[in-house]
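In case you want the letters, here they are:
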Amino acid sequence: MKSIISSVLLAFGVLLANAPATTAGALRPTDLRCEYRQDPQGLDIKEPRLSWLPVSDRRGERQTAWQLLVASSQKRLRANDGDLWDSGKVTSNQSAQIAYAGQSLASRQQCYWKVRVWNQDGRASAWSEPALWTMGLLNPEDWQARWIGSEEGAFSGDAAANLKAPLPTPRYLRKGFHLDQPIRRATVHVTALGLYELRINGQRVSDHLLAPEWTRYTHRVQVDSIEVTDLLRKGDNAIGAIVGNGWYCGSFICWPQRPRIFGDRPWLLAQLEVETTDGQRHVFATDDTWRVSTKGPLRQSGIYEGESYDARMEMQGWDRAGFNDSTWQTAALGANLKVGKLVWQRSEPIRVTHKFKPVALTEPKPGVYVFDLGQNIAGWCRLAAQAPAGAAVTLRHAEVLNPDGTVYTKNLRGALAEEHYIFKGGGKTEVFEPHFTYHGFRYVEVTGLPSRPSTNAILGRMFHTSFRDTGSFECSNPLLTKLAANIQWSQRANYMGVPTDCPNRDERTGCTGDHQFFLPTALYNMDVAAFFNKWLVDLCDDSQSARGVFADIAPYYGMFPGQSDGWGDAGIICPYEIYRAYGDTRAVSEHFEAMRRHHAFLTQTATNQIRHLEGPGDWLNLGGSAKNEVIATAYYAYLTGLMAEMAQAIGRTDDATHYRDLADQIKAAFTRAFLRPDGSIEGSSQTGYALAFTMGLVPPELKDKMSAAYAREIARFDWHPATGFIGAARLLPGLHNAGLDTDACRLVFQESYPSWLFMVKQGATTVWERWDSYTPEKGFQDPGMNSFNHIVWGTMGEYLFGMLGGIQAETPGYKDIRIQPIIADQLQWARTSYRSISGEIQTSWKKESNRLTLDVTVPANTTATVFVPTVDPSTVLESGRPATQSPDVKFLRSEKGVAVYRIESGRYSFSSKRQ
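This structure is a prediction, so every number in the text was calculated from the model and none was measured.

Moving on, we come to the overall build of the chain. A tally of regular secondary structure across the chain gives 17 helices and 47 strands. Over its C-alpha trace the chain gives a radius of gyration of 29 Å, about what one expects of a compact globule, namely 29 Å for 915 residues. Overall, the chain is about 85 × 70 × 55 Å in size when its C-alpha atoms are taken along their principal axes. Burial analysis of the chain (915 residues in total) assigns 62% to the buried set. Partitioning the contacts of the chain with sequence separation of at least 6, the portion at a separation of at least 24 is 75%. Counting every atom, the chain has about 32300 Å² of accessible surface; 47% of that belongs to carbon and sulfur. Once the 97 positive and 97 negative side-chain charges of the chain are each reduced to a mean point, those two points are 3 Å apart.

Spelled out as structure tokens, the structure:
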């Protein structure tokens, strides 16, 4: 569908009036974003943040100033009339986190904007291509819509009875209406308590899936604002919706085995606003003039249960004008609903991002057909098949197979992960695709077909929050390259509106610890800024207890209120990581008070600066963990240091001083209580040293002895990882900080159990939950806790990007970059790229005879410190000549085994003597 917005922007994008001429390769602004999103609609943030990328293929290009224009119409913007905001020329190299500072914005406001920049020579660029954001309904009085649904088929108030009762039946809702004039512009604002699929005149209004994403509905409900101009016409029209249970009134059947529900039935809220060419605005809002039916073909739907669909009950044209809905009921109005604030959809929506055709089809038993997609994914399947009327087919989903070739479903626990489809018949191919569920799977078992299907009968459709990929890593070891890809597949599968632990079983919750462990890797792989800005609200604003502690799960739904050390602490660590990666001080300031309350609880429950561990600790470790008090106190010290840094970043200097002083006290207490003169840590193995070396807990005078002790702990486990979740995230960076990259690489390239590459050698296409999820000797691990698509062991991806690739942020937002690759003995070459908020950073190194080549790309408007490994700094060349003679390369110093240089933006090729 070609929207009016895209048409308008395309039309005047070529009319860059009054723009100065530019020379090819000169600095220019691209990739305009508002609140990290491209042309977002329906914002409720009155001072949204704007960003762009200054790009150039020349060396040393810097932005020295910028000018922003924001206009109320495309006509004004074309004329360079920033009637909403003309910033004027601002002397600054900032290109991100720039808050709108123009006129006060109102509901439904359209904001067209563009930017130009000046380089280090004072030369202005052309104006950028135009961009857009729109405001949503900012005030309660803007809403005419009311919550509507059906009184039929609701959950009872008895949790035990609900376990045996079917889920509420999905609702079909509709309304016909007439427009006398041609349409100028139309927007629908829509959400649900549950999940919705909205349609106008027979077409879906968007490609969003599982909308709105999970929140704590009593606190917040997300609203989609969608432009639908092209779907409407002068004359008769119809709007319709299917509403399913989703997370709102579906069943949460894990831990303990009973449902956890926010409500007893699903509800819809929608407001269609149409501007016609005569200047009138017409509003068609959900109310008791709408009609509702529970007799549609979608008979049952649940996140964990799957769906049942009876094609014989399809209602042809139910979402079009002229449909006879006389047998439908009058929509019920939601009364006394406990509904939180209506807010905009901060994160990218869930969309289909990949499609998978089966790579194999087997028949392990007569009439049982198993399709192999070749990749473990999160999503569902599209079925295309023929069968007589009334024939029923069942699709069952699984991550792995039993030895006999049938699907293994024991590890799904209470999740059914099934679709049931009844054919309407008629001799034609029927196509079925679910609506309000999803599964984690690689294999699909199909039963009930009258004959053997073709492999084309199934199409796997993977969906997740539709952020863009930002990182890539590949190297001369194909197993490690595959592992890097597996980590990314697990991230996609587990970022489903909220960051989940696994997509397959009856859990799929936002486990806070899992994602603070994984976030440093996630930030390299994908642009998760908007996604985490949303989830930080779930965590810091909506999941904090009266004691001040953050819950272990967000959105919070009554389970695991906290405080588990390392888990709830995500409420401090995640805002910090977002700040470091994106320079996002607003994420810090918005949640600082919540972070302060959580930290105050830690202080109140510490004894002489020592904390005693609460919660699961180093979950699933293999004997390489640490004493509980070591883990808890290390986190306490680390969090205190982060609070100091974040307080300083947002101008709370008194708080910064307080936290710095307290951090020093805790570190001193840690040293007294746990560190020994021989460098050992009391009661601790790999995890203890990993925490100490990454949390600033190693006194300089003990570093050498502690490094030696750390190395002994690695050797004690025969150079295999033996940590659990807490330790795994910091194991390799800890070894790096200890100067033990040889040991780190030995772990990375280990192929026997337990190791990361062991999973790959067993055929994994994602990352497992356990080191021993499957072994040839023992088969499958405990099915009660054994997913084959989890993210925590994927935390080692930080080492691939930050150490083997050598890409690290020196300052928040990658304005200053550190390029320091580890040249692993086990590799001949490695290529790494990361699209930061400041632009694309690339490294590529290769061993050639006795020389090393290191190619580096640094984005415009940034600088980098580059560490070139060499045995002789005088042999270092850049682009074929001595590096010291390059006008674009500044020699800083020599260190053990490296020459250190300062460079500005551009592409560089270093070559050095290795031996």
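Moving on from the model shown.
Counting 220 residues, the largest nonpolar core has Leu480, Val528, Tyr710 and Phe910 as the members making the most contacts within it. Looking at this core element by element, the count peaks at 14 residues for helix 10 (residues 628–649). Counting 29 residues, the second-largest nonpolar core is a separate cluster that includes Val205, Ala270, Leu272 and Ala331.

Running from N to C, helix 14 (residues 725–737) and helix 17 (residues 797–804) cross one another at 25 degrees; their axes reach a closest spacing of 8 Å. Relative to helix 17, helix 14 is oriented roughly parallel. Every pair of crossing elements has a handedness; the one defined by helix 14 and helix 17 is right-handed. Residues Ala729, Leu732, Pro733 and His736 of helix 14 pack against Glu798, Tyr799 and Met803 of helix 17. Considering only residue class, the contact of helix 14 with helix 17 consists of 5 nonpolar, 1 polar and 1 charged.

Taken in spatial order, the 6 strands make up an open sheet running 13-12-15-10-18-21, and their pairing is antiparallel. What marks the edges here is a single partner per strand, and that holds for strand 13 (203–204) and strand 21 (329–330). By the bridge criterion, 2 bridges tie strand 12 (residues 195–200) to strand 13 in an arrangement that is antiparallel. The partner of Ile200 across the bridge, within strand 13, is Gln203.

As a further point, take helix 12 (residues 686–694). Most of helix 12 is tucked away, with 9 of its 9 residues classed as buried. When helix 12 is considered as a whole, its buried residues turn out to be Gln686, Thr687, Gly688, Tyr689, Ala690, Leu691, Ala692, Phe693 and Thr694. One or two steps after helix 12, the chain reaches Gly696, where phi turns positive at roughly 70 degrees.

Looking at where Asp310 falls in the secondary structure, it is placed in strand 20 (residues 306–310). Reaching out from Asp310, the side chain makes a polar contact with the side chain of Arg312 at a distance of 2.9 Å. If we skip the residues at most four places from it in the chain, Asp310 touches Pro297, Arg299 and Ile422.

Right, let's get into unusual backbone geometry. Keep in mind that most residues, glycine aside, have a negative phi and that most peptide bonds are trans. The amide bond that connects Ala554 to the next residue, Pro555, takes the cis arrangement and shows omega of 0 degrees. Within the secondary structure, Pro555 sits in the loop between helix 7 (529–541) and helix 8 (570–582). Along the chain, Tyr753 connects to Pro754 via a cis peptide bond; the corresponding omega equals -10 degrees. Assignment of secondary structure puts Pro754 in the loop between helix 15 (741–748) and helix 16 (756–761). Its identity as a non-glycine residue notwithstanding, Asn201 has a phi of 50 degrees, on the positive side. With respect to the helices, strands and loops of the structure, Asn201 is situated in the loop between strand 12 and strand 13. Positive phi outside glycine occurs at Leu620, with the angle close to 65 degrees. For Leu620, the position within the fold is in the loop between helix 9 (585–604) and helix 10.

What follows concerns the confidence of the model for the chain. Model confidence for the chain is summarised by a mean pLDDT of 94, while 95% of its residues fall at 70 or above. Per-residue pLDDT stays below 50 along residues 1–22; that stretch engages in 50 contacts with residues further than four places along the chain or on separate chains.

Moving on, we come to helix 15. Among the 8 residues of helix 15, 6 are classified as buried, and the element is accordingly described as predominantly covered. Every buried residue of helix 15 is listed here: Asp741, Asp743, Ala744, Cys745, Leu747 and Val748. Residues of helix 15 that are buried sit in contact with helix 5 (478–494), helix 13 (703–716), helix 14, helix 16 and helix 17.

The subject of this paragraph is the sheet that holds strand 1 (residues 28–34). Strand pairing in a sheet is mediated by backbone hydrogen bonds. Such pairs are either parallel or antiparallel. Judged by pairing direction, the sheet is antiparallel, and its 3 strands sit side by side in the order 1-2-6 without closing on themselves. A strand with exactly one partner marks an edge of an open sheet, and here the two such strands are strand 1 and strand 6 (98–99). Here strand 2 (residues 49–55) pairs with strand 6 via 2 bridges, running antiparallel. Within strand 6, the position partnered with Leu50 by the bridge is Ile98.

Inspection of every chain in the model, using the stated rule, returns 43 aromatic pairs. Plain terms: the ring middles of Tyr524 and Tyr834 are 5.4 Å apart, the flat faces sit at 75 degrees to each other, and that makes the pair edge-to-face. Taken together, the positions of Tyr524 in helix 6 (residues 512–525) and Tyr834 in strand 41 (residues 829–836) put the pair 310 residues apart, joining distant regions of the chain. Owing to a relative accessible area of 1%, Tyr834 belongs among the buried residues under this scheme. For the ring pair Tyr753 and Phe758, a centre distance of 5.6 Å and an interplane angle of 65 degrees mean the geometry is edge-to-face. Given the relative accessible area of 7%, Phe758 is considered buried. A network of ring pairs unites the aromatic residues Tyr408, Tyr753, Phe758, Trp768, Tyr774, Phe780 and Phe788 as a single cluster. The ring centre of Tyr438 lies 4.9 Å from the NZ or CZ of Arg508, which sits over that ring. One residue, Arg746, lies across the ring of Trp719, its end atom 3.6 Å from the ring centre.

Okay, the packing of helix 14 against helix 15 next. It is the contact of helix 14 with helix 15, at a shortest axis distance of 7 Å, that shows an interaxial angle of 155 degrees. Accordingly, the angle class assigned to the pair helix 14 and helix 15 is roughly antiparallel. Residues Leu731, Leu732, Leu735 and His736 of helix 14 touch helix 15, and the partners they reach there are Asp741, Asp743, Ala744, Leu747 and Val748. For the contact of helix 14 with helix 15, the residue count by class is 6 nonpolar, 1 polar and 2 charged.

What follows is about the environment of Thr775. Relative to the assigned elements, Thr775 resides in strand 37 (residues 774–775). Apart from residues no more than four positions distant in its own chain, Thr775 is found in contact with Tyr753 and Phe758.

Counted residue by residue, strand 10 (residues 171–179) has 7 buried out of 9 residues, so it is predominantly covered. Of the pairings in the sheet, the one linking strand 10 to strand 15 (residues 235–244) comprises 9 bridges and is antiparallel in character. The partner of His178 across the bridge, within strand 15, is Asp236.

Moving on, we get to the pairing of strand 17 (residues 281–285). With 5 bridges joining them, strand 16 (residues 267–276) and strand 17 adopt antiparallel strand pairing. If you follow Glu273 over to strand 17, its bridge partner there is Val283. Here strand 16 hands over to strand 17 after 4 residues, with Gly279 in that stretch at a positive phi of 90 degrees.

Bringing the side chain of Lys114 into the picture now. As for its placement among the helices and strands, Lys114 is situated in strand 7 (residues 110–119). Buried and without a salt bridge, Lys114 has Glu129 as its closest oppositely charged side chain, separated by 10 Å. At 3.0 Å, the side chain of Lys114 and the backbone oxygen of Leu77 are in polar contact.

So, on to the pattern of salt bridges. Within this structure, the stated rule accounts for 55 salt bridges. Among the salt bridges present, the one from Asp501 reaches Arg505, with a minimum N-O distance of 4.0 Å. With its nearest N and O atoms 3.0 Å apart, the salt bridge here joins Glu593 to Arg652. With a gap of 59 residues between them, Glu593 in helix 9 and Arg652 in the loop between helix 10 and helix 11 (653–674) connect regions that are remote in the sequence. A relative accessible area of 28% places Arg652 in the partly exposed class. What you see here is one network of salt bridges that share partners, running through Arg413, Asp501, Arg505, Asp506, Glu507 and Glu769.

Reading the values: rules and limits
- Residues numbered from 1 in each chain as written.
- Predicted model: local features only at pLDDT ≥ 70, side-chain atom pairs only at ≥ 80, totals over all residues.
- Heavy atoms only, no water.
- Helix = DSSP H or I, 4+ residues; strand = E, 2+ residues; numbered from the N terminus.
- Rg over C-alpha atoms; globule rule 2.2 N^0.38 Å.
- Buried < 20%, exposed > 50% of the residue type's maximum accessible area, 1.4 Å probe, protein only.
- Contact = heavy atoms within 4.5 Å.
- Areas by Shrake-Rupley, 256 points an atom, 1.4 Å probe, with all protein chains shown as cover.
- Lys, Arg positive; Asp, Glu negative; His and termini not counted.
- Charge placed at Lys NZ, Arg CZ, Asp CG, Glu CD.
- Core = buried A, V, L, I, M, F, W, Y, C linked by side-chain atoms within 4.5 Å.
- Axes fitted to C-alpha atoms, helices over the stretch in contact; angles between N-to-C directions.
- Parallel < 35°, antiparallel > 145°, perpendicular 65-115°, else oblique.
- Left-handed = near helix turned anticlockwise from the far one by under 90°.
- Nonpolar A, V, L, I, M, F, W, Y, C, P; charged D, E, K, R; others polar.
- Pairing = 2+ DSSP bridges.
- Polar contact = N/O pair within 3.5 Å; in protein donor to acceptor, adjacent residues only side chain to side chain.
- pLDDT = per-residue confidence, 0-100.
- Phe/Tyr/Trp six-rings, centres within 6.5 Å; stacked < 30°, edge-to-face > 60°.
- Lys NZ or Arg CZ within 6 Å of the ring centre and 35° of its normal.
- Salt bridge = Lys/Arg side-chain N within 4 Å of Asp/Glu carboxyl O.

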